[in-house]
Amino acid sequence: MSESESYIERIQRLASHNQELRDQLEQMLQRFAGMDMQSQHFKEALLRYSPEMKGRKNRKELRNRARQLRTVSILFVAVKGFDRLYKMANPGPLVDQLDELNMRLDDIAFMYNVVKLKSVGDVMLFAAGLQGENRTNPIDMVRVALDMQAAALEVHGGEGQAFWRLKMGIHTGPVIATPEEQQADTSYSFSGESINIACRIGEASPECSLTVSGMTYELIKEFFSSKAIGKMPVKYKGSMGMYWVGGLLPELRANGTGAPNHSYRVKYLALKFMDIQEEMLDYLEKKLPPHLYYHNIKHTIDVTTEVELIGWAEGVSEEDVLLLKLAALFHDAGHTISYKDHEYHGSVMAREKLASYDFTREQIDTVCRLIMATRMPPRPTDILECIMCDSDLDYLGRSDFIPVSNNLYRELKERDMVGSWEDWNRLQLKFISGHQYFTKTAQQLREVNKQQQIERIEKLIKEGSTL
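Values in this document were obtained by computation on a predicted structure and should not be read as measured data. (Residues numbered from 1 in each chain as written. Predicted model: local features only at pLDDT ≥ 70, side-chain atom pairs only at ≥ 80, totals over all residues. Heavy atoms only, no water.)

A. Structural view of the packing of helix α10 (residues 318-330) against helix α12 (residues 361-372). Orientation of α10 relative to α12, taken along the N-to-C sense of each, is 50°, at an axis distance of 8 Å. It follows that α10 is oblique to α12 by the angle criterion. Here α10 and α12 pass one another in a crossing that is right-handed. Residue-level inspection shows E319, L323, L324, L326, A327 and F330 of α10 in contact with α12, the latter providing Q363, T366, V367, L370 and I371. Tallied by class, the residues present in the contact of α10 with α12 amount to 8 nonpolar, 2 polar and 1 charged. (Axes fitted to C-alpha atoms, helices over the stretch in contact; angles between N-to-C directions. Helix = DSSP H or I, 4+ residues; strand = E, 2+ residues; numbered from the N terminus. Parallel < 35°, antiparallel > 145°, perpendicular 65-115°, else oblique. Left-handed = near helix turned anticlockwise from the far one by under 90°. Contact = heavy atoms within 4.5 Å. Nonpolar A, V, L, I, M, F, W, Y, C, P; charged D, E, K, R; others polar.)

B. Region of the structure containing the state of the cysteines. A full pass over the atoms with the stated rule returns 0 disulfides. No disulfide involves C386; its nearest neighbouring cysteine sulfur is the one of C389, lying 6.9 Å away. For C386, a relative accessible area of 13% corresponds to the buried category. (Disulfide = S-S within 2.5 Å. Buried < 20%, exposed > 50% of the residue type's maximum accessible area, 1.4 Å probe, protein only.)

C. Highlighting the pattern of salt bridges. Applying the stated rule across the entire model yields 20 salt bridges. When the shortest N-O distance is used, the salt bridge between K298 and D302 registers 2.9 Å. Of the two residues, K298 and D302 both sit in helix α9 (residues 297-313), 4 residues apart, roughly one turn of that helix. D302 gets classed as partly exposed once you look at its relative accessible area, which sits at 25%. (Salt bridge = Lys/Arg side-chain N within 4 Å of Asp/Glu carboxyl O.)

D. Expanded view of the side chain of H331. If you trace the backbone, H331 turns up in the loop between α10 and α11 (342-355). Classification of H331 by relative accessible area gives buried; the value is 1%. A polar contact is formed between the side chain of H331 and the backbone oxygen of A328, at a distance of 2.7 Å. At 3.2 Å, the side chain of H331 and the side chain of D332 are in polar contact. Those residues in contact with H331, other than ones at most four positions away along the chain, are H299, T300, V303, H342, E343, I371, T374, M388 and D392. (Polar contact = N/O pair within 3.5 Å; in protein donor to acceptor, adjacent residues only side chain to side chain.)

E. How the structure looks around the layout of surface pockets. Put simply, the largest pocket is a space of about 830 Å³. N134, T136, D140, Y268 and K272 are the residues nearest the centre of the largest pocket, which is lined by 30 residues in total. If you list the elements that add at least two residues to the lining of the largest pocket, you get β1 (67-80), α5 (137-153) and α8 (262-287). It is α8 that contributes the most residues to the lining of the largest pocket, 8 residues altogether. For the lining of the largest pocket, a count of residues per class yields 9 nonpolar, 10 polar and 11 charged. The calculated volume of the second largest pocket comes to roughly 640 Å³. Lining the second largest pocket we find 24 residues, and of these H295, Y339, M376, L408 and L412 sit closest to its centre. Grouping the constituent residues of the lining of the second largest pocket by class yields 12 nonpolar, 6 polar and 6 charged. (1 Å grid on protein atoms, 1.4 Å probe; cavity = no way out; pocket = protein on both sides within 12 Å on 5 of 7 lines; lining within 4 Å. Points joined across faces, edges and corners; volume = space filled by probe spheres on them.)

F. Region of the structure containing the pairing of strand β6 (residues 209-213). Of all 5 residues in β6, 5 are buried, a share of seventy percent or more. Here β6 shows two buried faces, one formed by S209, T211 and S213 and the other by L210 and V212. With 3 bridges connecting them, β6 and strand β8 (residues 238-248) associate as antiparallel partners. From the neighbouring strand, S213 faces β8, where its bridge partner is M242. (Pairing = 2+ DSSP bridges.)

If you want it as structure tokens, here you go:
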């Protein structure tokens with residue numbers, strides 16, 4: 001072999017060896033890239049499941065689950081008297097009385113379904129309206145505060161005078177409820193400007209008195225004696241009015257006492273009705289069967305409006321108007337259970353619901369009786385049942401009789417409860433001709449137009465036409 005050939009072979013072997021090395025390097029780089037990617041995944045997984053990141057994730061989820069409560073009343077209570085204890089020769093009994101007072105304050109809050117949010121030293125925060133939106137929580141909170149003031153005045157010092165004095169302030173507004181990290185299903189923390197405003201109003205309040213914000217004042221002024229005492233600057237909101245609040249208005253107090261009378265109770269329940277109405281209309285909108293073209297939510301609203309109009313015109317009491325409106329609200333709710341005997345099912349629903357809203361048994365019995373009075377044919381026995389029956393069949397004498405009647409025919413037709421249009425016209429004519437309005441108000445408002453509808457149906461039957 002010549003020297004040149006030997007040299008060429010060495011070069012070829014080196015080239016071949018270099019290629020092998022390059023292939024090995026490429027394989028190592030690929031393995032390294034794969035291991036690096038896997039390592040990165042492991043790092044991300046470790047970070048994702050680390051206590052720090054898990055805590056951040058939980059906090060984010062809790063923030064996402066936070067609820068804004070639109071109308072919550074916050075009560076600030078500060079117990080004053082510690083600065084006078086050192087002057088007492090034997091302060092022990094007064095400290096014991098303070099423990100008793102704190103327990104009484106908690107009992108008063110519990111009676112009104114008010115929740116204690118926080119207690120730090122001599123300061124306590126209470127809230128009303130956390131369990132659900134309602135329009136009466138500002139009134140409840142003012143009564144809580146007034147009862148607490150009375151309880152404090154019953155704790156006397158050595159000279160027979162009230163020793164422990166309360167500074168109190170109430171503000172009503174939105175509050176953010178965020179689930180607690182450790183007990184997300186059962187425990188919440190509450191925050192928001194409303195709490196800060198209540199604290200500032202309470203601190204500015206004189207001892208042994210109750211001060212409320214302008215917002216709370218607007219919601220309770222028809223129930224309690226009150227007067228403006230000044231304004232307080234609020235960041236980003238300008239000046240906020242502050243009002244002193246005393247006891248119930250004279251016309252709402254029982255004779256010789258500060259306790260609420262029957263007029264107060266009716267006025268209070270009228271506010272409750274607005275909460276019940278909102279809840280029930282939402283329920284009906286979601287639960288009523290889709291093929292109720294007549295007995296739908298619009299009919300419920302129409303009857304609820306009409307009983308109030310006829311009720312006031314007929315001169316019945318405020319309480320009776322309230323009971324009529326409740327009966328109208330529930331009179332077709334039974335359709336969510338059964339088309340047949342829906343009046344009975346509606347009365348059962350009303351009895352269960354109203355019992356949870358503190359209506360008396362007598363009031364609930366009246367509401368159920370009025371619901372049952374809407375069964376066909378109408379046979380009212382008193383003025384309230386007359387109002388109820390006239391309101392339920394108000395459409396017979398209205399200008400929109402034809403479209404309403406068409407909807408009723410469509411509803412009955414889909415249930416095979418009526419035949420042809422001609423059959424329906426004859427059935428309508430027989431029913432309307434035999435129908436009468438029972439109240440003077442309905443007779444004046446609807447009787448003339450009802451007679452016109454009778455003439456129209458008679459003409460349609462003669463012509464063989466439909467409505």
